[in-house]
Amino acid sequence: MTMTIGFGWWLIPAAITLAALAVAVVWLGRRGGAGYDPIARAITAFFDLMVLLALLVICLAAWLIWALFG
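Residues numbered from 1 in each chain as written. Predicted model: local features only at pLDDT ≥ 70, side-chain atom pairs only at ≥ 80, totals over all residues. Heavy atoms only, no water.

(A) How the structure looks around the overall build of the protein chain. When its secondary structure is counted, the protein chain shows 2 helices and 0 strands. Within the protein chain, buried positions represent 11% of all 70 residues. When the accessible surface of the protein chain is summed, it comes to about 5900 Å², and 78% of that surface belongs to carbon and sulfur atoms. (Helix = DSSP H or I, 4+ residues; strand = E, 2+ residues; numbered from the N terminus. Buried < 20%, exposed > 50% of the residue type's maximum accessible area, 1.4 Å probe, protein only. Areas by Shrake-Rupley, 256 points an atom, 1.4 Å probe, with all protein chains shown as cover.)

This is the structure in structure tokens:
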């Protein structure tokens, strides 16, 4: 029984996914100066959520393009 793994066009969306994961780790790993102000913390959490959603959309779009045209 022979099994082969072909390295092809799936590497592009995989690389985009890994890059997005690295950006998410760096983005969420930063230490902001929101302090104890609840409004500042809410704004920071909102922007964190928007960045994560944008990265998710980018990853899903890359895999969708690969699935449709790859």
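(B) Focus on the packing of aromatic side chains. For the coordinates displayed, the defined rule picks out 2 aromatic pairs. Directly above the aromatic system of Trp 27 lies the positively charged group of Arg 30, at a separation of 4.3 Å from the ring centroid. (Phe/Tyr/Trp six-rings, centres within 6.5 Å; stacked < 30°, edge-to-face > 60°. Lys NZ or Arg CZ within 6 Å of the ring centre and 35° of its normal.)

(C) Structural context of helix α2 (residues 38-69). Over its 32 residues, α2 extends 46 Å from the first C-alpha to the last, a length consistent with the 46 Å expected when each residue adds 1.5 Å. Regarding α2, the residues found buried are Asp 48, Leu 55, Cys 59 and Ala 62. Where the residues of α2 are buried, they touch α1 (11-29). (Expected span 1.5 Å × (residues − 1). Contact = heavy atoms within 4.5 Å.)

(D) Spotlight on the pattern of salt bridges. All told, the structure shown has 1 salt bridge when counted by the stated rule. For Asp 48, the salt bridge identified is with Arg 30, shortest N-O distance 3.2 Å. Separated by 18 residues along the polypeptide, Asp 48 in helix α2 and Arg 30 in the loop between α1 and α2 bring together distant segments of the chain. Residue classification places Arg 30 among the partly exposed positions, given a relative accessible area of 34%. (Salt bridge = Lys/Arg side-chain N within 4 Å of Asp/Glu carboxyl O.)

Read these as geometric descriptors, not functional statements.
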